[in-house]
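Chain and residue survey
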Amino acid sequence: MSEADPVLPVPSLAEGRPPRIRKPDWIRVKAPTSTGFAETRQLMRRLNLATVCEEAACPNIGECWTKKHATVMILGDTCTRACAFCNVKTGMPRAVDVKEPQHVADAAAELGLQHIVVTSVDRDDLPDGGASQFVKVIEALRRTTPSTTIEILTPDFRNKHEAAVEAIVAARPDVYNHNLETVPRLYPTIRPGARYYASLRLLENVKKLDPSIFTKSGIMLGLGEQRLEVHQVMDDMRSADVDFLTMGQYLQPTPRHAKVEEFVPPKAFDAYAAIARAKGFLLVASSPLTRSSYHAGDDFAKLRANREAKLAASTPFASSAVEKH
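Residues numbered from 1 in each chain as written. Predicted model: local features only at pLDDT ≥ 70, side-chain atom pairs only at ≥ 80, totals over all residues. Heavy atoms only, no water.

Remarks on the packing of helix 9 (residues 227–239) against helix 10 (residues 266–278)
Running from N to C, helix 9 and helix 10 point in directions that differ by 35°, and their axes come no closer than 10 Å. As helix 9 packs across helix 10, the resulting crossing turns out to be right-handed. Residues R227, V230, H231 and M234 of helix 9 pack against Y272, I275 and A276 of helix 10. The residue makeup of the contact of helix 9 with helix 10, split by class, is five nonpolar, one polar and one charged. (Axes fitted to C-alpha atoms, helices over the stretch in contact; angles between N-to-C directions. Helix = DSSP H or I, 4+ residues; strand = E, 2+ residues; numbered from the N terminus. Left-handed = near helix turned anticlockwise from the far one by under 90°. Contact = heavy atoms within 4.5 Å. Nonpolar A, V, L, I, M, F, W, Y, C, P; charged D, E, K, R; others polar.)

See below:
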């Protein structure tokens, strides 16, 4: 895309669809067949846990589950929203499982996780949007596997995000992730139940409440966004002091979902990553197969190291004094 490209109108999801675009070679992955994959699935079923890996049809599930890394999805497997990109089923969720927090902690212990990612469906039916369940999960993890670092990926807690964020931040996860998903222009068709600037404020509030917590957000490419729109999202995230940006290729889960407008080539992802780094993100993950929790443990170690390096660079006299002692 060039800066002169026109911003094309986004077709209604109700309109007739042409056949899906064939996936290019760089987006193809092997079907999971390993013993580790089977063992991870058995553990999740035994503990009655849902995973976003399965529910969102993540292309990296074979690789991650083989390594016994799984992203737990709390508050059930049924979402109260119907985003056009998401494969999680929509409907009236079941009652919150009071045993779920300990089950998550037990799974982390059995898998030997050094870093865990916990996400959830949207629960607009709950008075706090499900925030208290995130808090209970964090507390159970701290009790059961105190050395495990915790990354949470929350919904936007529509119309209740201030109190929800305050409660979760007080429980002190190591990373707070909330995805913007796409550019503002595409929200009415891709993320109709959410508001772009409300999500930005949520991320900004996390940093205001506790600057030591890493913040993270991601967007999908290939939905019809323009290059300069993506650059603006990066600027908006930096204005909210977001530390970590993830960018990945949108893949259409079923013919009922929003179609892929473009398969963005790897070199374009690399170019976006270079621009994002220049804008000041502590860490950027940008590739066709990048997802929010892909290689999250390794990325957390890089985040921590990059912050320490940045702090050292900004206080050279303090660093010199430490070295002398």
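The discussion continues.
Section: unusual backbone geometry
Residue R172 is not a glycine yet carries a positive backbone phi of 60°. When you line up the elements, R172 lands in the loop between helix 6 (161–170) and strand 7 (175–177). Even without a glycine there, the phi angle at E181 is positive, about 75°. The topology assignment puts E181 in the loop between strand 7 and helix 7 (187–190).

Considerations on the pattern of salt bridges
Scanning the model with the defined rule gives 15 salt bridges in all. Here D156 ties to R81 by a salt bridge, and the two come within 2.7 Å at their closest N and O atoms. Placement of the pair is D156 in the loop between strand 6 (149–153) and helix 6 and R81 in the loop between strand 3 (78–79) and strand 4 (89–90), with a sequence separation of 75 residues. Judged by relative accessible area, D156 falls into the buried class, the value being 7%. Its relative accessible area of 7% is what places R81 among the buried residues. (Salt bridge = Lys/Arg side-chain N within 4 Å of Asp/Glu carboxyl O. Buried < 20%, exposed > 50% of the residue type's maximum accessible area, 1.4 Å probe, protein only.)

Details of helix 8 (residues 196–209)
The end-to-end C-alpha separation of helix 8 is 20 Å, in line with the 20 Å expected for 14 residues at 1.5 Å each. Those residues of helix 8 lying buried are Y196, S199, L200, L202, L203, N205, V206 and K207. Residues of helix 8 that are buried sit in contact with helix 6, strand 7, helix 7, strand 8 (214–221), helix 9 and helix 11 (296–314). (Expected span 1.5 Å × (residues − 1).)

Some thoughts on helix 4 (residues 100–111)
The end-to-end C-alpha distance of helix 4, which contains twelve residues, comes to 16 Å, matching closely the 16 Å that a straight helix rising 1.5 Å per residue would cover. Within the sequence span of helix 4, burial applies to E100, P101, H103, V104, A105, A107, A108 and L111. Positive backbone phi, approximately 65°, marks G112, located one or two places after helix 4.

With respect to the nonpolar core
One finds V104, V118, L141, I168 and Y176 to be the most contacted residues of the largest nonpolar core, which totals 40 residues. Among the secondary structure elements, those contributing two or more residues to this core are helix 1 (35–46), strand 2 (71–74), helix 4, strand 5 (115–120), helix 5 (131–144), strand 6, helix 6 and helix 8. Top contributing element to this core by residue count: helix 5, with seven residues. Within the second largest apolar cluster, 38 residues are counted, among which are Y196, M220, V264 and F281. (Core = buried A, V, L, I, M, F, W, Y, C linked by side-chain atoms within 4.5 Å.)

Here we look at empty space enclosed by the protein
Inspection of every chain in the model, using the stated rule, returns one cavity of 30 Å³ or more. Space inside the largest cavity adds up to approximately 40 Å³. Here the lining of the largest cavity is composed, by residue class, of two nonpolar, one polar and seven charged. (1 Å grid on protein atoms, 1.4 Å probe; cavity = no way out; pocket = protein on both sides within 12 Å on 5 of 7 lines; lining within 4 Å. Points joined across faces, edges and corners; volume = space filled by probe spheres on them.)

Describing the side chain of D122
Mapped onto the fold, D122 is located in the loop between strand 5 and helix 5. Look at D122 and you get buried, because its relative accessible area is 13%. Residue contacts for D122: discarding those within four places in its chain leaves T78, C79, T80, R81, P155 and D156.

Let's talk about the pairing of strand 5
Counting buried positions along strand 5 yields six of six residues, so the element is predominantly enclosed. Side-chain alternation along strand 5 places H115, V117 and T119 on one buried face and I116, V118 and S120 on a second face that is also buried. Examined bridge by bridge, strand 5 and strand 6 share five bridges and lie parallel to one another. Across the sheet, the residue bridging to I116 is I150, located in strand 6. Tracing the backbone out of strand 5, into helix 5 and back to the parallel element strand 6 gives a crossover that is right-handed. (Pairing = 2+ DSSP bridges. Right-handed = clockwise from strand over helix to strand, strands pointing away.)

What to know about the sheet that holds strand 6
Spatial ordering of the open sheet is given by 1-2-5-6-7-8-9-10, a layout of eight strands whose pairing is mixed. Two strands in the sheet have a free side with no partner beyond their single neighbour: strand 1 (50–51) and strand 10 (283–286). The pairing of strand 7 with strand 8 spans three bridges and is parallel. Following the sheet pairing, Y176 is matched in strand 8 by T215.

Considerations on the state of the cysteines
One pass over the full model with this rule turns up zero disulfides. Of all cysteine sulfurs in the structure, the one in C86 sits closest to C79, which takes part in no disulfide; the separation is 6.4 Å. With no disulfide partner, C83 has as its closest neighbouring cysteine sulfur the one in C86, 6.4 Å distant. Of the residues examined, C83 reaches a relative accessible area of 17% and is grouped as buried. (Disulfide = S-S within 2.5 Å.)

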